[in-house]
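Structure assessment
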Amino acid sequence: MKKIAFIGAGNMNGAIISGLINGGFNPEHIIVSNPSAEKRLALQAAHGIKQTQCNIEATTFADVIVLGVKPYLIEEVCQHLGKNIDITDKCFISVAAGCTIKQIELALVKPCTVIRTMPNTPAQLGCGVSGIYANAHTTEEEKAFTTTLMESVGIVKWLTSEEQIDHIIAVSGSAPAYFFLFMEAMQKQAIAYGFSEQDSRELVQQTALGAAKMVIENKLPIGKLRENVTSKGGTTQAALTSFIDGGLEKLVSNAMNCAVDRAKEMAKTA
Ligand SMILES: NC(=O)C1=CN([C@@H]2O[C@H](COP(=O)(O)OP(=O)(O)OC[C@H]3O[C@@H](n4cnc5c(N)ncnc54)[C@H](O)[C@@H]3O)[C@@H](O)[C@H]2O)C=CC1
Ligand SMILES: O=C(O)[C@@H]1CCC=N1
């Protein structure tokens, strides 16, 4: 079985590690590296994985290296690895937004496999979505392993161009936060009606879960599910009209385009 090094013990790598372990991946084959101790020790305590403060030690241990540091650190981390150890047989998988395969290849110096994946944090529950795009050095076996790796934390979509990574960021990578923002706004209003904070949370979260399950389990178009809740001249129609008059659709597409633009900007300034 392949060994995996997670460089960075933050939110995204932590979510993938949780998902892998919950899916039965052997913790002995996983190492995480992070300069500060707290987060890597917490991951070790939670999952029984190996940990180190040294990226070189983690990379040397593994066949597959998941780069999960902030985008502005990816090149620095890769240069350090490329200059100090033989990485030619390793498979690098970056989860970073706004850092291209070309930038990573240049930083690693030696030619090797570089794959970009854009997961999202529901990966920690096995409910993630990951877009994947691979460079020309990637073998079919490495592609198959990456599919298996990311499928252990959710669904996978292979992409036909690297640009689609930026689109996946807008559609699913950043998107849990859109739903959280919407739920926070609903919870605030529920509290304003006098419900306790806890009751407000339960009302909102259960409604979000129910709505998501209906979308998943029904084959009906999402618009039809919406119509089924909306009695003519009723309460839902009043609420939806307010959303539509407020420009919700445009607001959503503008927000998603802002995520795409920001990913492109980050790649330029890297
Ligand atoms: N948070 C999210 O929902 C998603 C994040 N991503 C990507 O994941 C990457 C990480 O993001 P987060 O997990 O949110 O950030 P984070 O800040 O939670 O995690 C980054 C971790 O890297 C560690 N770190 C810093 N310098 C390091 C070094 N030289 N070597 C090893 N570790 C080092 C930090 O101490 C921190 O624990 C980013 O590139 C981001 O674009 C991708 C998809 C979703
Ligand atoms: O906000 C970010 O830049 C990262 C990428 C997708 C989710 N979080």
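Since the model is a prediction, treat every value here as computed from it, not as a measurement.

1. Here's the deal with the domain arrangement of the chain
Assigned domains of the chain: these are domain 1 (4–160) and domain 2 (175–267). The interface of domain 1 with domain 2 comprises eight residues on the first partner and five residues on the second. Broken down by class, the residue content of the side of domain 1 that touches domain 2 amounts to four nonpolar, four polar and no charged.

2. Structural notes on the packing of helix 4 (residues 71–84) against helix 5 (residues 101–108)
Taken N-terminus to C-terminus, the directions of helix 4 and helix 5 make an angle of 35 degrees; their axes are 7 Å apart at the nearest point. Here helix 4 runs over helix 5; the crossing is right-handed. Taken together, the residues of helix 5 that come into contact with helix 4 (itself represented by Ile74, Glu75, Cys78, Gln79, Leu81 and Gly82) are Gln103, Ile104, Ala107 and Leu108. Class assignment for the residues of the contact of helix 4 with helix 5 results in six nonpolar, three polar and one charged.

3. Things to note about the site of ligand 1
Not every one of the 27 residues close to ligand 1 is listed here, only the nearest: Gly8, Gly10, Met12, Ala96 and Ala97. Of all the secondary-structure elements, those providing two or more residues to the shell around ligand 1 are helix 1 (11–22) and helix 4. Partitioning the shell around ligand 1 into residue classes produces 13 nonpolar, 12 polar and two charged.

4. Considerations on the UniProt feature "binding site: NADPH" (unreviewed entry) in the chain
Per the UniProt annotation, the sites labelled "binding site: NADPH" (unreviewed entry) are Asn55. Its location among the elements puts Asn55 in helix 3 (residues 55–61). Excluding residues within four positions of it along the chain, Asn55 makes contact with Ile7, Ser33, Val77, His80 and Leu81.

5. Section: the site of ligand 2
Residues in contact with ligand 2, as listed here, are Ala97, Ile169, Gly173 and Ser174. Looking at side-chain class alone, the shell around ligand 2 contains two nonpolar, two polar and no charged residues.

About the cut-offs
- Residues numbered from 1 in each chain as written.
- Chains lettered and ligands numbered in written order.
- Predicted model: local features only at pLDDT ≥ 70, side-chain atom pairs only at ≥ 80, totals over all residues.
- Domains from an automatic or database assignment.
- Contact = placed C-beta atoms within 7 Å.
- Nonpolar A, V, L, I, M, F, W, Y, C, P; charged D, E, K, R; others polar.
- Axes fitted to C-alpha atoms, helices over the stretch in contact; angles between N-to-C directions.
- Helix = DSSP H or I, 4+ residues; strand = E, 2+ residues; numbered from the N terminus.
- Left-handed = near helix turned anticlockwise from the far one by under 90°.
- Near = placed C-beta within 6 Å.
- UniProt positions renumbered as here; feature names shortened; annotations may be inferred.

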